[in-house]
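A structural walkthrough
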Amino acid sequence: MLYTPPMVHPGSIVVLDCGGQYAHLIGNRVRRLGAFSEIRIAETPASELQNAAGIILSGGPQSVYEKGSPQADPKILELGIPVLGLCYGHQWIAHVLPGGKVEPGHIKEYGKAELHITDPTVPLFEGIPAFSTVWMSHGDEVTSLPDGCLPAGRTSTCENAAFADMKKKIFGCQFHMEVTHSEYGMQM
């Protein structure tokens, strides 16, 4: 009998697990907001995700350019559904899209940082103050934004702490909005 991969539950938010402890926390936060969530491995084919209402790429401990690091199917960025990358997921989006670049950071950020929202029109930041406390945990950083993406937030040591391509509904945040240390994380 031929194996047919399972499709996601229509309308669910799919969290792609990029290897950290964050995927389950993200799934929990999504459920607390009243949406159904599913956690899948990062390498889940885009064809299995086309019924999702949105996709979130979690954080993870590896570098996106390391051999053997979690790699999602780049076709998820062509499905026309919203995609949000958090930490590693943020870097993965920049790594796979044309024009984007990820490099080792000059300063590694671990702990609280002050986010300055530079584009309050991004839906993630609707109603969020221009400055707020967020939780960072990264050694690499996005040094060049992908084509079509505009900067949306920065910290004192991370110029591209958030970006957005509003037309394609692709968003990236270097910080962990899913943790309680991020002041407005649940609203985001």
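Residues numbered from 1 in each chain as written. Predicted model: local features only at pLDDT ≥ 70, side-chain atom pairs only at ≥ 80, totals over all residues. Heavy atoms only, no water.

Quick look at the nonpolar core now. Counting 28 residues, the largest nonpolar core has Leu84, Leu115, Leu124, Phe125, Cys173, Phe175 and Met177 as its most contacted members. Elements that contribute at least two residues to this core include exactly strand E1 (13–17), helix H1 (22–32), strand E4 (83–86), strand E5 (101–117), strand E6 (131–144), strand E8 (162–165) and strand E9 (170–173). Beyond its immediate chain neighbours, meaning those up to four positions away, Cys173 contacts Leu84, Gly85, Leu86, Cys87, His90, Leu124, Phe125, Ala161 and Ala162. By size, the runner-up hydrophobic cluster in this structure holds 27 residues, among which are Ala46, Ala52, Trp92 and Ala94. (Core = buried A, V, L, I, M, F, W, Y, C linked by side-chain atoms within 4.5 Å. Buried < 20%, exposed > 50% of the residue type's maximum accessible area, 1.4 Å probe, protein only. Helix = DSSP H or I, 4+ residues; strand = E, 2+ residues; numbered from the N terminus. Contact = heavy atoms within 4.5 Å.)

Secondary-structure assignment places Asp119 in the loop between E5 and E6. Among buried charged residues, Asp119 stands out as having no salt bridge; its nearest opposite-charge side chain is Arg154, 11 Å away. One polar contact links Asp119 to Thr121, side chain to side chain, over a distance of 2.4 Å. Those residues in contact with Asp119 that sit more than four places away from it in its chain are Phe125, Pro151 and Ala152. (Lys, Arg positive; Asp, Glu negative; His and termini not counted. Salt bridge = Lys/Arg side-chain N within 4 Å of Asp/Glu carboxyl O. Polar contact = N/O pair within 3.5 Å; in protein donor to acceptor, adjacent residues only side chain to side chain.)

Of note in the backbone geometry, Cys87 takes a positive phi value of approximately 55° without being a glycine. Assessed through its relative accessible area of 3%, Cys87 is described here as buried. Even without a glycine there, the phi angle at Lys169 is positive, about 60°. Along the chain, the position of Lys169 falls in the loop between E8 and E9.

Across 12 bridges, E5 lies against E6 in antiparallel orientation. Pairing of Gly111 across the sheet is with Met136, part of E6. Sheet topology places E5 next to strand E7 (residues 150–154); two bridges connect them, and they run antiparallel. When the bridges of E7 are listed, Ile117 appears paired with Gly153. (Pairing = 2+ DSSP bridges.)

Taken together, the nine strands give an open sheet; going across it, the order is E2-E1-E3-E4-E9-E8-E7-E5-E6, and neighbouring strands pair in mixed fashion. In this open sheet, the two edge strands, each paired with only one partner strand, are strand E2 (37–41) and E6. Adjacent strand axes in the sheet meet at a mean angle of 20°, parallel and antiparallel pairs treated alike. When E7 meets E8, the two strands line up antiparallel, connected through three bridges. From the neighbouring strand, Gly153 faces E8, where its bridge partner is Ala162. The sheet contacts of helix H2 (residues 88–96) involve strand E3 (54–57), E4, E5, E6, E8 and E9, and relative to E4 the element is tilted by about 115°. (Axes fitted to C-alpha atoms, helices over the stretch in contact; angles between N-to-C directions.)

Let us now look at the environment of Thr121. Among the secondary structure elements, Thr121 is positioned in the loop between E5 and E6. The class for Thr121 is exposed, based on a relative accessible area of 59%. Between the C-alpha atom of Thr121 and that of Val8, which follows or precedes it by 113 residues, the distance is 30 Å.

Moving on, we come to the environment of Leu33. Structurally, Leu33 is set in the loop between H1 and E2. For the pair Leu33 and Gly139, spaced 106 residues apart in sequence, the C-alpha to C-alpha distance is 30 Å.

Nothing here speaks to function; it is all geometry.
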